[in-house]
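Each chain, letter by letter, is given below.
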Amino acid sequence: MMSKSDKIIIKDMMIITGAISVMAMLTYFFNIPNNFCFGGISGLAIAISGAVGFDSPATLAAVINVVLLFLGFIFLGKSFGIKSTYASLLLSFELAMFERFIPRSGTITNQPLMELIFSVVLNGFVSASLFNIGASSGGSDIVAMVIKKYTAVNDIGKALLVCDSIVIISCYFIFGIQSGMFSTMGLAVKAFMIDGVMERFNLCKYFTIITTKPVEICDYITKVLKRGATEMDAKGYFTNEDKTVIFTVLNCRQAVMLQHVVKEIDKNSFVMITNTSEVMGKGFKDLL
């Protein structure tokens, strides 16, 4: 029987494989033929290949990624390095396979804006999926995570925006104004989308419940929802009635269940619910 840690590793590897496969298809079929260079080593490889006439952006991306992967091992730890090494090598391999077995004859459509939107939306989603499990596709993602860890830049999306600006600038000179403007728009949308998607992945509900029936509510939280709860004594100012304040954090599905139960147990309770995406401790993220 597999342990919990083994199951987590298998799940993470499946997420990485799926996310990288989508990213490789988007890069090969949308970004390269349209000269979209909105970030990452793939974008840098596209720009350099266009400047020097190199026929294989995938090969160039693989070489650059190997160098940056060493930075990931040094500054971000062994766990990050293993996941991102696999992701980076898989991305390079899949791009090479696409080049070898599915040669392109041009863009898929004659609508570059539509292809840009499609690529940015899916790229933002899969990048956020990787960041959420502590991995990346390599390249500038590694630099962005190093910046986030060691500086005051708290959002990975904004760190990526800083790292990838040089790629955008080069795109203007190599491919012209139109490609540069498309790439600029794509990078900006992708950077903010990553933070939004990651927030949705980790979204939880923080409850503050003021009630006169704390035992029933706490029993439901701990025994049915299998979550922790903290309570403290309080007194209503207007009623001068003794009350209890309960604090707990739940996922979205559990939050809906608790709302209904609290209403049934104590219809006079006072409930405040706040969205939060940064919860650390037992049952949630590990403490930093």
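Our subject is the structure that appears above.
Structure report, in brief. Just so it is clear, the model here is predicted, and its values are computed rather than measured. (Residues numbered from 1 in each chain as written. Predicted model: local features only at pLDDT ≥ 70, side-chain atom pairs only at ≥ 80, totals over all residues. Heavy atoms only, no water.)

1. Things to note about the overall build of the protein
The helix and strand inventory of the protein stands at ten helices and four strands. Secondary structure elements of the protein occur, N-terminal to C-terminal, as α-α-α-α-α-α-α-α-β-α-β-β-α-β. For 288 residues, the compact-globule estimate of 2.2 N^0.38 gives 19 Å, and the protein exceeds it by more than 25% at 24 Å. Across its three principal axes, the protein shows a C-alpha extent of roughly 80 × 45 × 35 Å. Per-residue burial over the protein gives 44% buried out of 288 residues. Sequence-distant contacts in the protein: of pairs separated by 6 or more residues, those separated by 24 or more amount to 71%. Total accessible area on the protein stands at roughly 15,900 Å², and carbon and sulfur atoms take up 65% of it. With 24 positive and 21 negative side-chain charges, the protein shows a spacing of 4 Å between the two charge centroids. (Helix = DSSP H or I, 4+ residues; strand = E, 2+ residues; numbered from the N terminus. Rg over C-alpha atoms; globule rule 2.2 N^0.38 Å. Buried < 20%, exposed > 50% of the residue type's maximum accessible area, 1.4 Å probe, protein only. Contact = heavy atoms within 4.5 Å. Areas by Shrake-Rupley, 256 points an atom, 1.4 Å probe, with all protein chains shown as cover. Lys, Arg positive; Asp, Glu negative; His and termini not counted. Charge placed at Lys NZ, Arg CZ, Asp CG, Glu CD.)

2. Let's talk about the sheet that holds strand E1 (residues 204–211)
Strand order in this open sheet of four strands is E2-E3-E1-E4, and the pairing throughout is antiparallel. The open sheet is flanked by strand E2 (230–235) and strand E4 (270–276), the only strands paired with a single partner. Strand-to-strand, the axes of this sheet are offset by a mean angle of 20°, without reference to chain direction. Two strands pair when backbone bridges link them, and E1 and E4 are joined in this way by seven bridges, in the antiparallel orientation. Its bridge partner lying in E4, Thr-208 is registered against Met-272. On the sheet, helix H9 (residues 214–224) packs against E1, E2 and strand E3 (242–250) and is oriented at approximately 10° with respect to E3. Contacts from helix H10 (residues 252–265) reach E1, E3 and E4, with the element oriented near 15° to E1. (Pairing = 2+ DSSP bridges. Axes fitted to C-alpha atoms, helices over the stretch in contact; angles between N-to-C directions.)

3. A look at the pattern of salt bridges
The full count for this structure, using the stated rule, is two salt bridges. The closest approach of N and O atoms between Lys-235 and Asp-242, which form a salt bridge, is 2.8 Å. Measuring nitrogen to oxygen at the nearest pair gives 3.5 Å for the salt bridge that ties Glu-241 to Lys-243. (Salt bridge = Lys/Arg side-chain N within 4 Å of Asp/Glu carboxyl O.)

4. Focus: the nonpolar core
Counting 22 residues, the largest nonpolar core has Ile-16, Ile-20, Met-23, Cys-37, Leu-91, Leu-95 and Leu-130 as its most contacted members. Other than its neighbours up to four places away in sequence, Leu-130 contacts Ile-16, Ala-19, Ile-20, Met-23, Ala-135, Ser-136 and Ser-137. Counting 16 residues, the second largest nonpolar core, distinct from the first, contains Ala-61, Ile-64, Phe-131 and Ile-194. (Core = buried A, V, L, I, M, F, W, Y, C linked by side-chain atoms within 4.5 Å.)

5. Observations concerning the packing of helix H5 (residues 112–132) against helix H8 (residues 177–201)
A pair of packed helices is captured by two measures, namely the crossing angle of their axes and the spacing between those axes. Contact geometry of H5 with H8 gives a least axis separation of 8 Å together with a crossing angle of 35°. Remark: the crossing between H5 and H8 carries right-handed chirality. Residues Pro-112, Leu-113, Leu-116, Val-120, Val-121, Gly-124, Phe-125, Ser-127, Ala-128, Ser-129, Phe-131 and Asn-132 of H5 touch H8, and the partners they reach there are Phe-182, Met-185, Gly-186, Val-189, Lys-190, Met-193, Ile-194, Val-197, Met-198 and Phe-201. Among the residues forming the contact of H5 with H8, the class breakdown is 16 nonpolar, five polar and one charged. (Left-handed = near helix turned anticlockwise from the far one by under 90°. Nonpolar A, V, L, I, M, F, W, Y, C, P; charged D, E, K, R; others polar.)

6. Observations regarding H10
One turn of an α-helix holds 3.6 residues; hence residues three or four places apart share an orientation. Under the 1.5 Å per step criterion, the end-to-end length of H10 is 20 Å for 14 residues, consistent within 8% with the ideal 20 Å. When H10 is considered as a whole, its buried residues turn out to be Gln-254, Ala-255, Leu-258, Val-261 and Val-262. For H10, the angular spread of the buried residues around the axis is 130°, confining them to a single face. Counted as exposed and oriented over 90 degrees from the buried face of H10: Arg-253, His-260, Lys-263 and Glu-264. Residues of H10 that are buried make contact with E1, H9, E3 and E4. With a side-chain oxygen positioned 3.2 Å from the backbone nitrogen of Arg-253, the residue opening H10 is Asn-251. (Expected span 1.5 Å × (residues − 1). Arc of directions from axis to C-beta. Polar contact = N/O pair within 3.5 Å; in protein donor to acceptor, adjacent residues only side chain to side chain.)

7. So, helix H2 (residues 40–52)
Relative to the 18 Å expected for 13 residues at 1.5 Å per residue, H2 spans 19 Å between its end C-alpha atoms, a close match to the ideal helical length. Taken as a whole, H2 has its buried residues at Gly-40, Ile-41, Ser-42, Gly-43, Ala-45, Ile-46, Ala-47 and Ser-49. Taken from the residues just after H2, Gly-53 is the one with a positive phi, measuring 80°.

8. Focus on the environment of Asp-266
You can see Asp-266 is positioned in the loop between H10 and E4. In sequence terms Asp-266 and Thr-222 are 44 residues apart; their C-alpha atoms lie 17 Å from each other. Not counting the four nearest positions on each side in its chain, Asp-266 is found in contact with Thr-211, Thr-212 and Lys-213.

9. Overview of the state of the cysteines
Overall, the coordinates contain zero disulfides when judged by the stated rule. Unpaired in terms of disulfides, Cys-37 finds its nearest cysteine sulfur in Cys-171, a separation of 3.7 Å. Residue class for Cys-37 comes out buried when judged on its relative accessible area of 0%. Of all cysteine sulfurs in the structure, the one in Cys-204 sits closest to Cys-252, which takes part in no disulfide; the separation is 7.0 Å. A relative accessible area of 31% places Cys-252 in the partly exposed class. (Disulfide = S-S within 2.5 Å.)

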